[in-house]
There are 2 protein chains.
Amino acid sequence: MSSSSAPLPLVTGHDVRLAARRNECTVPTAGLAKGYLQANMIVLPSRYAADFRSLCARNPVPCPLIGESGSVGQYDAVKSSLSSLSSSKSQSVSVIQTTDLDLRRDVGRYMVYHDAKPVKTGCLDICNEWTDDHVAFLIGCSYSFETALTNAGLTPPHVYANTNVPMYRTTIPLCPAGVFTGSTYVVSLRAYNATDLAKVRNVTAKYHATHGEPIAWGWDSLEKLGIKDIGKQDWGDSPVTQDGRPLASLVGSEEVIPVFWGCGVTPQEAVMRAGLEGIVMGHMPGHMLLLDCVDDDIV
Amino acid sequence: MSSSSAPLPLVTGHDVRLAARRNECTVPTAGLAKGYLQANMIVLPSRYAADFRSLCARNPVPCPLIGESGSVGQYDAVKSSLSSLSSSKSQSVSVIQTTDLDLRRDVGRYMVYHDAKPVKTGCLDICNEWTDDHVAFLIGCSYSFETALTNAGLTPPHVYANTNVPMYRTTIPLCPAGVFTGSTYVVSLRAYNATDLAKVRNVTAKYHATHGEPIAWGWDSLEKLGIKDIGKQDWGDSPVTQDGRPLASLVGSEEVIPVFWGCGVTPQEAVMRAGLEGIVMGHMPGHMLLLDCVDDDIV
């Protein structure tokens, strides 16, 4: 197992998929193949598929559904779930179609759940677990707008630091849908200067299919979100500022504030909370599936 | 001013609009012209229109946008905002089109806000306030599924009691969008036997464009929603059970529980919280706009 993806020339989404398929892309994918669309993935038994689509339709900010298996059991083709609301492109139906795809191997690291309990964390493929009754769902990822933020001079701190974005459970409830009850938003955090907030909101707002603008910001938002300690993220690495200081040392600062976006880990939490029976799989947080299209294809 | 709509033969949505236009439909519209689509309405200066569409797209459960003025300033025609997600009908683009329409007069009672403060409550028309810069937005209404509940033997208690549905402010935040920040869900309440919950959820789930299934239920949900006293609704009438008992006398009951749905008053709250400048108008809670199509056209 290699933990170095940096030496490889991972220029396109396809490059990253092939590297993952060779088990050579085992680090978080933030910043890899810049500009290519990255997706969260959750794989469910088909009997839960309709309720999951409804969960996403009712909670489009944390759960922006962009695609799913072409048919039940299919791991080598995906079809778009984008509505006209999410894309002004007339080709929206096909925009996320990706060739040379194996959803069982093309993510760097996976999670496997059995009866809603994690049984594998960070495994390199899910070939043994995938059945012809499974359906994969692809959820937009905030990495999509990080390129736009960087281009606007607002590089996210974890990109500077070359770490994984910090993610937190919150107490904000999802709108329930069928079997999916009792779950809450997961959010990702990027710290910014308070004076940059309007620009940060504006740059990310147009990425409707990848969480869009932030859902909360400022130190007051911690209480509203039910985050007790900003230094104790639930996934990813510790939050830092753009100049590398620990954000936990700046609680209450007027200069630097936390900014929170909906996070595509939310559906995996929903699956856990719903107590789904059988085998469910997903990407390991931070380790995304890369597609052939580019971020701006779905703006 | 008449407060009696019951004696009139209000059979169709058009009948109700004409009665309202004559100022003869000044009672809440629940149960009128059964089966016809009822809509919440909010009228904004055009500079806020794009942000409002985004607010609805990000919060489709409390703010299911179903239509808007055909063009800026137009009060006699509406165009559909329904996406393919909300309707399987191929004619979804035109399904809510309604003829012989005057958005300034066809709601029984209106609210008028100036610089985010209410200046008129329950007025009979908005002819003097409407300008050629205003855009009306129509939001799905939970009345749409009340017919379905009634047909399933689950008549909502306020329909039995011939009162207005109780509505509450909550602490559940909306996902912000542009100028619309700091707002929270408004919910409507119907009390049901706990044993009917699964059926109630199932009957309403398919009404995606009119709030869909409940967002919370049970006595525990009061704390999660931030509702301190179920006997103190913010709009509408006091909650009762199906057999007419005050729900406030049954707090903690295992037999009868409160069930909460997203409510189309949410956008009016959002407008207030956002501190929008200028003249904003809306329906008075409970007093809806009736359209020519029927509820099942948008299922």
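Residues numbered from 1 in each chain as written. Chains lettered and ligands numbered in written order. Predicted model: local features only at pLDDT ≥ 70, side-chain atom pairs only at ≥ 80, totals over all residues. Heavy atoms only, no water.

- Taken from UniProt, the Sequence similarities (unreviewed entry) comment for chain A reads in full: "Belongs to the D-glutamate cyclase family." (UniProt positions renumbered as here; feature names shortened; annotations may be inferred.)

Looking at helix H7 (residues 266-274) of chain A
Point 1. Thr266, Pro267, Gln268, Glu269, Ala270 and Val271 of chain A are the residues of H7 of chain A that are buried.
Point 2. At the C-terminal side of H7 of chain A, Gly275 of chain A shows a positive phi close to 65 degrees. (Buried < 20%, exposed > 50% of the residue type's maximum accessible area, 1.4 Å probe, protein only. Helix = DSSP H or I, 4+ residues; strand = E, 2+ residues; numbered from the N terminus.)

Notes on empty space enclosed by the protein
Empty space among the atoms becomes visible once a probe the size of a water molecule is rolled across them.
All names here are of chain A.
Point 1. The tally for this structure, following the rule as stated, stands at six cavities of 30 Å³ or more.
Point 2. Approximately 140 Å³ is the volume attributed to the largest cavity.
Point 3. Taken together, 14 residues line the largest cavity, and the ones lying closest to its centre are Gly31, Lys34, Tyr143, Glu146 and Thr147.
Point 4. Broken down by secondary-structure element, the contributors of at least two residues to the lining of the largest cavity are strand E1 (36-45) and helix H3 (143-151).
Point 5. Of the residues assigned to the lining of the largest cavity, the class counts are five nonpolar, six polar and three charged.
Point 6. Here the lining of the largest cavity spans two domains, since at least three of its residues come from each of domain 1 (13-142 + 275-297) and domain 2 (143-265). (1 Å grid on protein atoms, 1.4 Å probe; cavity = no way out; pocket = protein on both sides within 12 Å on 5 of 7 lines; lining within 4 Å. Points joined across faces, edges and corners; volume = space filled by probe spheres on them. Nonpolar A, V, L, I, M, F, W, Y, C, P; charged D, E, K, R; others polar. Domains from an automatic or database assignment.)

Let's talk about the domain arrangement of chain A
Residue and element names in this part refer to chain A.
Point 1. Taken as a whole, chain A is organised into domain 1 (13-142 + 275-297) and domain 2 (143-265).
Point 2. Using C-alpha coordinates to define each centre, domain 1 is positioned 22 Å away from domain 2.
Point 3. Interface area for domain 1 against domain 2, summed over the two sides, is near 2,600 Å², with a carbon-plus-sulfur share of 63%.
Point 4. Counting every contact that joins domain 1 to domain 2 gives zero salt bridges.
Point 5. Our enumeration of links across domain 1 and domain 2 arrives at 14 residue pairs in polar contact (both at pLDDT 80 or more).
Point 6. Looking at the side of domain 1 that touches domain 2, the elements that each hand over two or more residues are E1, helix H2 (49-58) and strand E6 (134-140).
Point 7. Taken together, the residues that form the side of domain 1 that touches domain 2 break down as 18 nonpolar, eleven polar and four charged. (Buried area = accessible area lost by both parts, 1.4 Å probe. Salt bridge = Lys/Arg side-chain N within 4 Å of Asp/Glu carboxyl O. Polar contact = N/O pair within 3.5 Å; in protein donor to acceptor, adjacent residues only side chain to side chain.)

Topic: the interface of chain A and chain B
Point 1. Listed by partner, the interface residues are 23 residues for chain A and 23 residues for chain B.
Point 2. Regarding the contact of chain A and chain B, the summed buried area is about 1,800 Å², with carbon and sulfur atoms giving 63% of it.
Point 3. At the surface where chain A touches chain B, the tally comes to zero salt bridges.
Point 4. Joining chain A to chain B, the criterion identifies ten residue pairs in polar contact (both at pLDDT 80 or more).
Point 5. Of all the elements in the fold, those that place two or more residues in the side of chain A that touches chain B are H2 and strand E7 (167-173) of chain A.
Point 6. In terms of residue count, the dominant contributor to the side of chain A that touches chain B is H2 of chain A (three residues).
Point 7. Class assignment of the residues belonging to the side of chain A that touches chain B gives a composition of 13 nonpolar, seven polar and three charged. (Contact = heavy atoms within 4.5 Å.)

With respect to the pattern of salt bridges
Point 1. According to the stated counting rule, one finds 30 salt bridges over all chains in the structure shown.
Point 2. Put simply, Asp106 of chain B and Arg17 of chain B hold a salt bridge, and the shortest N to O gap is 3.8 Å. One end of the pair, Asp106 of chain B, is in the loop between strand E3 (78-80) and strand E4 (110-114); the other, Arg17 of chain B, is in helix H1 (residues 13-21), and 89 residues separate them in sequence.
Point 3. Judged by relative accessible area, Asp106 of chain B falls into the buried class, the value being 1%.
Point 4. Arg201 of chain B serves as the salt-bridge partner of Glu213 of chain B, at 2.7 Å between the closest nitrogen and oxygen. Of this pair, Glu213 of chain B sits in the loop between helix H5 (197-205) and strand E9 (216-217) while Arg201 of chain B sits in helix H5, and the two are twelve residues apart along the sequence. Each member of the pair, Glu213 of chain B as well as Arg201 of chain B, is classed as buried.
Point 5. Within this structure, Arg17, Arg21, Asp100, Asp106 and Asp292 of chain A form a network of salt bridges that share partners.

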